[in-house]
Amino acid sequence: MRRHIFEPEHEQFRESARRFFQTEVGPNGERWRKQGAVDRDAFVKAGALGYLLMWAEEKYGGSGVSDFRYEQVLIEENTRYGERGFFMTLHSRLVAPYIGHLGTEEQKARILPKCARGEVILGIAMTEPDAGSDLAGIKTRAEDRGDHWLLNGSKTYISNGQIGDLFIVVARTDPQRSHGMGLFLVERGMEGFERGRNLAKMGLKAQDTSELFFADVKVPKTNVLGDPAKGFHYLTRFLAEERLITSVGSLAHAQAAFDITLTYIKERKAFGRPIGTFQNSRFRMADMRAQLDALQVFIDHCVLEHNAGRLDAITAAEAKLLTTELENRVIDDCVQLHGGAGYMDEYPISRMYTDARISRILAGSNEIMREIIGRSLELDERKLK
Ligand SMILES: Cc1cc2nc3c(=O)[nH]c(=O)nc-3n(C[C@H](O)[C@H](O)[C@H](O)COP(=O)(O)OP(=O)(O)OC[C@H]3O[C@@H](n4cnc5c(N)ncnc54)[C@H](O)[C@@H]3O)c2cc1C
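Residues numbered from 1 in each chain as written. Predicted model: local features only at pLDDT ≥ 70, side-chain atom pairs only at ≥ 80, totals over all residues. Heavy atoms only, no water.

Trainee: Explanation requested: the site of the ligand in the structure shown.
Mentor: Around the ligand, a shell composed of 16 residues is seen, among which Thr 127, Ser 133, Tyr 157, Ser 365 and Glu 367 lie nearest. A distance of 2.5 Å is found between an oxygen atom of the ligand and a side-chain nitrogen or oxygen belonging to Ser 365. Note that an oxygen atom of the ligand is positioned 2.6 Å from one of the side-chain N or O atoms of Glu 367. A total of 980 Å² of accessible area belongs to the ligand in isolation, and the protein chains cover 64% of it. If you list the elements that add at least two residues to the shell around the ligand, you get β1 (122–125), β3 (148–158) and α12 (366–376). Each residue belonging to the shell around the ligand can be placed in one class, and the counts come to nine nonpolar, six polar and one charged. (Near = heavy atom within 4 Å. Polar contact = N/O pair within 3.5 Å; in protein donor to acceptor, adjacent residues only side chain to side chain. Areas by Shrake-Rupley, 256 points an atom, 1.4 Å probe, with all protein chains shown as cover. Helix = DSSP H or I, 4+ residues; strand = E, 2+ residues; numbered from the N terminus. Nonpolar A, V, L, I, M, F, W, Y, C, P; charged D, E, K, R; others polar.)

Following this line, the structure appears as structure tokens:
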């Protein structure tokens, strides 16, 4: 299907991005998956090519390009030729914008250029052992001690947890208000800040999803992001972009799975004919092709809406729900069409299957997406009571 949203400059950009992911990222994937983390160097190389924090002003190391289509290209090319566990976009377009939008001049000048060069790697720490979907349950505390904030608590499932240098940590600042939280910039080397295990998990093996611990960490006042009472409000402001990022990646993942499966079923033979020529295979592939094309149109539309500042949290929730459900359905079907080979690690589809499973859970689980969409229809018991 022809896509209408890209201009020649995006296509040119795609060619150079593809070369980067084909040469600097993809070939390292297996080694990174074994070591449980990507090399820090991958961020530095991406930074040198101008792929990090493109949205930031030049004085902060970016190129002042906020057009999301460039990020979309990077996500799509990393998904197809790079490594799903390389969370470059989380660093660049999910976490760094908090500093860009909420940070003081001093914070932006101090932090963003290093992030744009890939020298400082970012993460965001919201989830705790007892608080995931329901962030009102956060127990990590930050107490105002005059010239600093004292941080105590722990986080879990944090992306870039081992290689990260700076984390935006969500902590409770007002025990009386369920949403009384602040955002604190916690840096590598701060006393009392420790990393826990790099957690063993089903997929995304190159991603260093980890525990983080804070014991009497003195966070200087210069490391508070925005108003320390408004953290929850800030988190909701960035949700639409976070969901769009997940949607673009999940759909690209499904598209890539479809393509490798199409090649496979044309070559693999059973009962004297390519398995792709069985009616069941043909129909399944036809269903997938049609659904992928339809959803790509919707996602491309969401990208343009986002560029125009019009993508609302509900439409983004629809995008996240649909793409991640389709990703999982498509990849499951693709494993089936691969037969036993689909279960073998040496075939990429096997890894794609385990990598895909988390998409329906993170960036807001799909049940939460359904809640958001359902409430927007005023099907909310609090309103209908
Ligand atoms: C690989 C990976 C990377 C991650 N990266 C990060 C990161 O960088 N930073 C970070 O802060 N977190 C991160 N997370 C955490 C992730 O955001 C949470 O796992 C997710 O928000 C779900 O929270 P939970 O695990 O506590 O599940 P729970 O909230 O315990 O949910 C369990 C189940 O209950 C359902 N449920 C919960 N509430 C409702 C409801 N109201 N209605 C219906 N169903 C509901 C959920 O949908 C889910 O199916 C990551 C997780 C993984 C696995």
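Trainee: Would you take a moment to explain the nonpolar core for this structure?
Mentor: Across soluble globular proteins, you tend to see nonpolar side chains buried next to one another. Counting 92 residues, the largest nonpolar core has Leu 53, Phe 86, Tyr 98, Ile 99, Ile 168 and Leu 183 as the members making the most contacts within it. By residue number, the principal contributor to this core is helix α8 (residues 239–267), which donates 11 residues. When near neighbours in sequence (up to four residues on either side) are disregarded, Leu 183 contacts Tyr 98, Leu 102, Ile 168, Val 169, Val 170, Asn 223, Val 224, Leu 225, Gly 231, Tyr 234 and Leu 235. Ranked by size, the runner-up nonpolar core spans 17 residues in total, among them Phe 167, Ala 171, Leu 212 and Val 224. (Core = buried A, V, L, I, M, F, W, Y, C linked by side-chain atoms within 4.5 Å. Buried < 20%, exposed > 50% of the residue type's maximum accessible area, 1.4 Å probe, protein only. Contact = heavy atoms within 4.5 Å.)

Trainee: Can you help me understand the pairing of strand β7 (residues 210–220) in this one?
Mentor: Sheet topology note: the β3/β7 ladder contains eight bridges and is antiparallel. Counterpart to Trp 149 in the pairing with β7 is Val 219. Across four bridges, strand β6 (residues 193–198) lies against β7 in antiparallel orientation. Considered in β7, the bridge of Arg 195 is made with Leu 212. (Pairing = 2+ DSSP bridges.)

Shape is all these values report; function is a separate question.
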